[in-house]
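Overview (structure and organization)
Okay, here's what each chain looks like letter by letter:
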Amino acid sequence: MFARRAAQRLLEIRQVFRQSPQASRSFSSALNFHLDTPDNNPNNQWKFSETNNQKVKEILSFYPTNYKQSAVIPLLDLAQQQHGGWLPVSAMNEVARIIEVAPIRVYEVATFYSMFNRSKVGKYHLLVCGTTPCMIRGSREIEEALLNHLGVKRNEVTKDGLFSVGEMECMGCCVNAPMITIADYSNGSEGYTYNYIEDVTPKRVVEIVEMLKRGEKPPPGTQNPNRFKCAPEGGHKTLLGEPKPPPCRDLDAC
Amino acid sequence: MGLGSLTSRAMIRRASTILNTTRSHNFSLVRSIVSTPELKNTASAAAEATPDPPLPPPRPPVNNARVHFPNPEDAIEVFVDGYSVKVPKGFTVLQACEVAGVDIPRFCYHSRLSIAGNCRMCLVEVEKSPKPVASCAMPALPGMKIKTDTPIAKKAREGVMEFLLMNHPLDCPICDQGGECDLQDQSMAFGSDRGRFTEMKRSVVDKNLGPLVKTVMTRCIQCTRCVRFASEVAGVEDLGILGRGSGEEIGTYVEQLMTSELSGNVIDICPVGALTSKPFAFKARNWELKGTESIDVTDAVGSNIRIDSRGPEVMRITPRLNEDVNEEWISDKTRFCYDGLKRQRLNDPMIRGSDGRFKAVSWRDALDVIAEVMHKVKPEEIVGVAGKLSDAESMMALKDFLNKMGSNNIWCEGNGGQPQADLRSGYLLNTGIADLETADVFLLIGTQPRVEAAMVNARIRKAVRSNHAKVGYIGPATDLNYDYEHLGTGPQTLQEIAEGTHSFFSAIKNAKNPAIVVGAGLFEREDKDAILSIVETIAKSANVIRPDWNGLNVLLLNAAQAASLDLGLVPESDKSIESAKFLYLMGADDVNMDKVPSDAFVVYQGHHGDQGVYRANVILPASAFSEKEGTYANTEGRAQQTVPAVPTVGDARDDWKIIRALSETAGVNLPYDSLIDVRERIRTVAPNLLSMDEREPATFSTLIKPEIKKEINPVPFKPSIENFYMTDSITRASKIMAQCSSQLLKK
């Protein structure tokens with residue numbers, strides 16, 4: 001009895017101190033409040049790198065000087081690329097300092113957008129589209145295959161720090177469903193890529209993961225060899241002739 | 001907000017419609033969610049309504065609001081529920097409805113904050129608009145036909161209310177807001193009688209905002225009033241809205257306390273029980289409380305407050321609306337000092353025995369002892385000091401009594417040696433607190449308004465926000481919650497400005513409404529006359545004092561200061577305390593007791609066992625501001641009255657009564673036996689103290705004062721208040737204030 005309660009208590013405590021605690025409804029990878037950890041706390045120093053400082057200047061030049069805060073999203077994105085795919089609180093503070101707003105205004109933006117990760121992700125952050133068309137075409141099997149192959153849960157990072165799997169809402173490419181995105185943070189902000197891998201199958205995603213492990217770049221776009229981009233399998237089937245205008249009412253007759 | 005009347009109106013209406021329509025709907029088998037029966041069958045309801053019933057007479061505006069037309073040509077006419085109202089251009093639909101006497105339900109809209117328009121509770125129907133419009137964000141347009149009582153508007157409100165209640169916990173019985181909750185009232189008035197949501201409600205982690213504000217974030221409906229208040233009025237950008245969709249929550253993201261001196265106001269503006277008072281938690285229900293409309297005395301602003309009491313206990317303090325003084329905010333010190341009224345109180349008259357311990361005695365014995373000692377010492381060795389919380393009546397009595405005893409050494413603490421009481425304009429905030437909003441350049445000299453008078457600071461911040469006023473500050477490094485230019489730390493900078501060599505001089509000179517604010521902390525300086533004359537030079541050369549604008553201000557520190565100077569509590573010699581043989585402290589705790597000769601006989605009359613008691617030979621218990629009727633003049637010269645809210649503690653008496661009794665024992669009867677008589681006496685000295693609630697501006701400007709040629713001392717200005725939360729005997733006795741100063745003050 002005592003042992004069971006103790007074990008339960010331990011589980012609760014572990015729940016609190018987990019690296020990426022899972023909120024029941026959070027869309028992004030972290031909670032809506034910050035918990036200090038050794039690699040994510042306001043006392044850590046965080047600076048943009050030398051080359052990124054140039055980019056910061058360029059980004060700021062797009063906006064009038066009295067509307068510097070408009071640069072918050074591009075700057076957060078740049079910071080995320082530089083920091084291996086996620087935003088520690090010190091990086092958000094640095095962005096707030098640059099655009100001269102209170103840090104909470106930056107936190108508001110970073111927590112609003114689900115593509116800003118506020119907890120650690122892998123070097124290759126794999127995002128599986130989970131919206132209806134992809135779901136119908138088997139995105140759940142794809143996610144399952146990925147998670148089983150990597151041996152992690154959703155939003156967890158593999159032990160070697162290479163991979164993490166997340167879910168994303170509609171990527172807007174339903175014609176090539178199901179699909180995943182590979183956000184590649186392995187080479188910092190210079191080598192950052194964000195590629196769609198479309199028409200995947202549970203077998204194919206495992207192959208893609210293995211390719212990434214070997215350091216190869218999987219070809220972006222459709223993975224179905226019989227398709228060219230968004231065209232149907234086996235070539236065009238419609239719109240073969242000259243397109244006809246849509247039928248209209250005869251307005252003169254009315 | 002008059003929601004009580006709204007509720008009853010809606011309920012009466014609902015009752016009558018149910019009575020009328022029950023028969024026709026007996027056969028409907030479909031259980032509809034819409035609780036107002038006429039909505040089930042809008043077509044038939046419309047058909048019934050065709051023979052127009054005569055319109056009831058127009059309603060008076062909500063809260064007796066008066067409409068001010070800055071430009072008569074800009075008036076537009078709109079129709080609210082068929083009545084035509086004229087409103088100025090730029091009014092919103094909601095404001096137009098208020099003028100027409102229709103109180104629109106709202107959660108996120110607050111007249112003193114920016115418009116968010118995110119709660120959707122204020123939806124009304126506008127003719128020719130395809131869907132209901134959010135009235136708080138929609139500008140009224142000429143000829144607009146607004147309908148607030150139609151089936152569409154009602155259905156919209158009912159729908160919004162259902163969504164709001166979806167994730168709102170049903171914990172009203174254990175919620176501190178219960179009974180004064182906007183959500184509760186409005187769901188009674190406009191909500192449905194059932195909800196369709198059967199899933200789990202969401203829950204949100206509570207945030208720690210410090211010792212004053214308790215959070216139950218699950219109750220939050222994301223109206224963002226607190227976020228807007230914190231960033232717009234309080235000037236601390238701590239709170240924000242985090243996350244999105246149903247995961248949205250209010251918070252600080254990083255663990256951080258709300259370090260504002262106005263943070264308590266979020267309790268009032270929160271329409272639900274998400275932000276409630278931590279010290280008041282689970283102490284009382286609002287309907288058990290007796291409200292007494294009184295005045296705050298913890299600073300010189302004289303904020304209008306309501307003291308809520310239950311039996312003999314002050315349970316909480318809330319603000320009262322006064323546009324000219326505190327609008328509808330009060331500082332945390334005002335709001336939370338009340339627990340100091342229950343601790344360390346003096347109950348009985350006491351005499352210090354030969355063993356150094358106090359012994360409780362009867363009033364008669366205590367007064368006899370004092371009278372005996374007073375007759376033994378020389379008249380010029382009698383000194384009286386009024387404390388910072390003294391009311392005008394007791395100061396008048398003290399002055400009259402000691403004068404009759406032959407002494408003229410009576411002063412009020414905080415005024416320094418040799419105070420200048422000749423010209424009222426020399427110690428008042430001549431611009432007026434409300435008019436500070438219109439200033440466009442501020443020069444703060446040796447004052448940190450944020451800690452000295454938080455409500456005045458809120459006005460300055462308002463001016464900085466709305467007219468982009470420029471603020472120059474001379475004094476020790478400080479944290480004001482707006483941008484300011486730190487010009488210097490001492491009087492030399494002032495001299496540079498006076499000579500015109502400093503760049504800020506041209507800013508003052510070119511300003512339309514410049515305001516110079518001198519801190520009363522300067523009164524303690526030896527060279528105050530020289531400094532004040534430099535300030536007057538600046539005022540003269542920069543044209544700060546004009547017939548239509550008086551921008552030369554002194555910001556006082558204590559509630560008693562203005563009245564004491566009005567009554568002429570000026571000591572004969574500024575070394576009086578060193579030669580005192582008999583010292584009468586009327587609630588004065590900040591007198592430097594080291595200067596008092598060891599053989600002096602000290603009488604302490606007051607309500608708290610504070611610093612003054614340690615040296616006292618006799619203690620006379622008096623009543624605190626919540627227990628007596630007293631007149632206080634605030635820093636702008638507005639006389640206001642406190643009203644007794646609770647009975648006094650133990651054997652305590654009102655200050656003026658004690659002095660009146662003592663005068664009889666001493667054989668120099670004061671000629672007044674009632675408060676009215678004391679006020680008649682005040683009328684002969686300072687009649688302005690009797691024109692209640694009205695600001696009596698100074699008649700003569702300081703510019704008629706002869707210039708004083710004295711050397712200034714280059715010592716930098718000192719901060720006059722070290723700890724915002726503990727400034728007087730009440731706040732020093734308060735546990736809540738002690739918690740605040742240990743947790744919120746930056747070390």
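Refer to the preceding data block for the structure.
The following paragraphs examine the structure supplied in this document. (Residues numbered from 1 in each chain as written. Chains lettered and ligands numbered in written order. Predicted model: local features only at pLDDT ≥ 70, side-chain atom pairs only at ≥ 80, totals over all residues. Heavy atoms only, no water.)

1. Quick notes on the sheet that holds strand E19 (residues 485-488) of chain B
All names here are of chain B. Sheet architecture is open: 5 strands sit in the order E19-E18-E17-E20-E23, paired in parallel fashion. A strand with exactly one partner marks an edge of an open sheet, and here the two such strands are E19 and strand E23 (552-555). If you compare each strand with its neighbour and ignore which way they point, the axes differ by 25 degrees on average. In this sheet, strand E18 (residues 470-474) lies alongside strand E17 (residues 441-445) in parallel orientation, the contact comprising 5 bridges. Counted as the bridge partner of Ile445 is Ile474 from E18. Helix H15 (residues 528-541) rests against E17, strand E20 (514-519) and E23 of the sheet, and its axis sits at about 175 degrees to E20. (Pairing = 2+ DSSP bridges. Helix = DSSP H or I, 4+ residues; strand = E, 2+ residues; numbered from the N terminus. Axes fitted to C-alpha atoms, helices over the stretch in contact; angles between N-to-C directions. Contact = heavy atoms within 4.5 Å.)

2. Quick look at the sheet that holds strand E26 (residues 618-621) of chain B
All names here are of chain B. Read from one edge to the other, the open sheet built from 7 strands follows the order E14-E13-E26-E25-E24-E15-E16, with strand pairing classed as mixed. Unpaired on one side and paired on the other, strand E14 (358-360) and strand E16 (410-412) mark the two borders of the sheet. Neighbouring strand axes in the sheet, compared pairwise and without regard to direction, differ in orientation by 20 degrees on average. Against the sheet, helix H9 (residues 363-376) touches strand E13 (350-352), strand E15 (382-386), strand E24 (582-586), strand E25 (601-606) and E26, its axis set at about 130 degrees to E26.

3. Some words on helix H12 (residues 454-466) of chain B
Every α-helix carries 3.6 residues per turn, so stepping three or four residues along brings you back to the same face. Residues and elements named next belong to chain B. Its 13 residues give H12 an end-to-end C-alpha distance of 18 Å, which sits within 8% of 18 Å, the value for a rise of 1.5 Å per residue. Counting buried residues in H12 gives 10 out of 13 residues, a clear majority hidden from the surface. Every buried residue of H12 is accounted for by Ala454, Met455, Val456, Asn457, Ala458, Arg459, Ile460, Arg461, Ala463 and Val464. The elements touched by buried residues of H12 are helix H6 (225-234), E17, helix H11 (449-452), E18 and E23. Within two residues after H12, His468 carries a phi angle of roughly 50 degrees, on the positive side. (Expected span 1.5 Å × (residues − 1). Buried < 20%, exposed > 50% of the residue type's maximum accessible area, 1.4 Å probe, protein only.)

4. Comments concerning empty space enclosed by the protein
Residues and elements named next belong to chain B. Per the counting criterion, the structure on display carries 6 cavities of 30 Å³ or more. Considered as a void within the structure, the largest cavity measures approximately 120 Å³ in volume. Around the largest cavity, the lining is made up of 18 residues, and of these Leu389, Ser390, Met586, Gly587 and His607 lie nearest the centre. Of all the secondary structure elements, the ones that give two or more residues to the lining of the largest cavity are E25 and helix H19 (729-733). Broken down by element, the lining of the largest cavity gets its largest block of residues, 3 residues, from E25. Looking at the lining of the largest cavity, its residues break down into 3 nonpolar, 8 polar and 7 charged. One number sums up the size of the second largest cavity: a volume of about 100 Å³. If you go around the second largest cavity, you meet 15 residues; those closest to its centre are Cys220, Cys223, Cys226, Cys270 and Leu275. (1 Å grid on protein atoms, 1.4 Å probe; cavity = no way out; pocket = protein on both sides within 12 Å on 5 of 7 lines; lining within 4 Å. Points joined across faces, edges and corners; volume = space filled by probe spheres on them. Nonpolar A, V, L, I, M, F, W, Y, C, P; charged D, E, K, R; others polar.)

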